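Survey of secondary and tertiary structure
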Amino acid sequence: MRGFRWPPHPDGGPRTWGPSPSGPRTGRPTLPQPPTEMIETGSGVRLEQLITGVGSPVTVFAHGLAGDITGTRPLGSAVAGRRVFFHFRGHGRSGAPPGPWTFGDLAGDLRAVADRAGATRAVGVSMGAGALCRLLAETPGRFERIVLYLPAPLDGVRPPAAVTRLHNLLAALESGEAAAMAEAVEAEMPPSVRNTPAGWAYLRQRVEQLLEHGIAPTLDTLWQEPALPSPESLRAVTAEVLVIGCVGDEVHPVSVAERLAGAFPQAELHVYDRPAVLWTNRRELRDRISTFLNAANP
C-alpha cells in the first residue's frame, strides 16, 4: 500500500511514492473561510458564530463532537431565511472554561445563540443533537421545527468506536504533528473518498483548522452523565421533529435514532441504508432537511 506525505502537494492531491495513475488535480489552494464573529453569553463563555442568509425563519445549526461550522453548513445550503452556525465551547475560537462539562452546559451554549438570533428552528448533529434534546427537555416549546441528524446516545454510554475516535484525535492534537492529525481525520472518512480530490481538500481544511484552533480535551468529560435524565422528558415537546439515522455507522448506531424518534410526540424517522451520507448522498440529504424545515407550520 502506498503511503502519503503531509502536507499534501500544493496542487491539492495526494503524493504517492513511485509511478502510478493519477487523477486530475485542481491546482486550487484551500479557500479561506468566511469571517465569523464572537458573541457574549450569559454564562460568560464567548462563542464564535457565522450568520448567512436573510429574513425569516431563523435556523440554528449545532455541530457534532470535534466538528465545526464548515461541517454543518452543507446541511443548511437550501434552508430558507437566516442560518446561524456556531462553535460550541472547546471548538474553534469559542471559549473553553474549566471543566468538567455536561450536556447542560452545551444546551446553554445553544440556547444563548438561538435566543440572540431569534431562532425558531434548529438542526443538531451527533453531540449537537444531544445538546438540542437537553434544551428541549428543559424548554419543550422552544422551537417549531427540529432536525436531529445522526444523534449521539443520550444515556451517557458511547459506542467503543466513538471513544476510540475521540481519544485518537486528542492524542494527535497533543502531538502537534500535522501528519498524526491527518491520519486521525482520514480514519473518519469513508475509504471510497480518501484518495480523491474532494477527500484531500476536506482533509487539508480539517487539519488546518485543527492546527489553528484544536479542540478542548475537556470535551471527553461530557459523557460522565447522561445527556437527559430520561427520554420521557421529551414527551412534552411541541415541535415537528425529523430524525435521521443510517445503517452501518459504528459511531451513531441506528438504534439510537429509532429510540429517539419514538420519544417525541410528533416525529418522522428516515434511515439511510449506508453510512457517510454527507459524502455519498449529500444532495438528497440537503433536500430532505430543507424541505422539512421550509415547510409551513400546520
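Residues numbered from 1 in each chain as written. Predicted model: local features only at pLDDT ≥ 70, side-chain atom pairs only at ≥ 80, totals over all residues. Heavy atoms only, no water.

Quick notes on the packing of helix α5 (residues 178-186) against helix α6 (residues 197-213)
As a reminder, the rule being used: Geometry is summarised by axes, namely lines fitted to C-alpha atoms with helices restricted to the contacting stretch, and by angles between N-to-C directions that run from 0 to 180 degrees. Note on conventions: DSSP H or I runs of at least 4 residues are helices, E runs of at least 2 residues are strands, and numbering of each starts at the N terminus. By the definition adopted for this analysis, an angle is roughly parallel if under 35 degrees, roughly antiparallel if over 145, roughly perpendicular if from 65 to 115, and oblique otherwise. For any pair of crossing helices, the crossing counts as left-handed if the nearer helix is rotated counterclockwise from the farther one by less than a right angle, and right-handed if it is rotated clockwise. Should any heavy atoms of two residues lie within 4.5 Å, those residues are counted as being in contact. Side-chain classes are defined by residue name, with Ala, Val, Leu, Ile, Met, Phe, Trp, Tyr, Cys and Pro counting as nonpolar, Asp, Glu, Lys and Arg as charged, and the others, Gly among them, as polar.
In the contact formed by α5 and α6, the axes pass within 9 Å of each other and the chain directions differ by 125°. Viewed along their axes, α5 and α6 adopt a mutual orientation that is oblique. The interaxial crossing formed by α5 with α6 has right-handed handedness. Contact residues: A178, M181, A182, V185 and E186 in α5; Y202, L203, R206, V207, L210 and L211 in α6. Among the residues forming the contact of α5 with α6, the class breakdown is 9 nonpolar, no polar and 2 charged.

Details of the packing of aromatic side chains
Selection criterion: Side-chain rings of Phe, Tyr and Trp, where Trp is taken by its six-membered ring, are said to pair if the distance between their centres is within 6.5 Å; with planes under 30 degrees apart they count as stacked, over 60 as edge-to-face, and otherwise as tilted. Exposure is judged per residue with a 1.4 Å probe applied to protein chains only, and the accessible area is read against the type maximum: over 50% gives exposed, under 20% gives buried, and values in between give partly exposed.
Using the criterion set out here, one finds 4 aromatic pairs in the structure. With a centroid separation of 4.6 Å and an interplanar angle of 25°, the aromatic rings of F61 and F85 are classed as stacked. Here F85 lies in strand β4 (residues 82-86) and F61 lies in strand β3 (residues 58-62), a separation of 24 residues in the sequence. A residue is classified by how much of its surface remains accessible, and F61, at 0% relative accessible area, is buried. A relative accessible area of 1% means that F85 is categorised as buried.

Digging into the sheet that holds strand β1 (residues 37-39)
Strand pairing in a sheet relies on backbone hydrogen bonds, with the paired strands running either antiparallel or parallel. The cut-off we apply is this: One bridge is not enough; two strands pair if DSSP finds at least two bridges between them.
The mixed open sheet is built from 8 strands, whose spatial order is β1-β2-β4-β3-β5-β6-β7-β8. Only two strands of the sheet have a single neighbouring strand rather than two, namely β1 and β8 (267-272). Within the sheet, the average angular offset between the axes of one strand and its neighbour, ignoring direction, is 20°. Sitting on the sheet, helix α2 (residues 103-117) is in contact with β1, β2 (47-52), β3 and β4, with an inclination near 150° to β4. Running over the sheet, helix α3 (residues 127-138) touches β3, β5 (121-125) and β6 (145-149) and is turned about 135° from β5.

Quick word on the pairing of β4
Counting buried residues along β4, 4 of its 5 residues qualify, which places the element largely inside the surrounding structure. One ladder, built from 4 bridges, connects β2 with β4; its direction is antiparallel. Across the sheet, L50 pairs through a bridge with F85, a residue of β4. Pairing of β3 with β4 involves 4 bridges; the strand directions are parallel.

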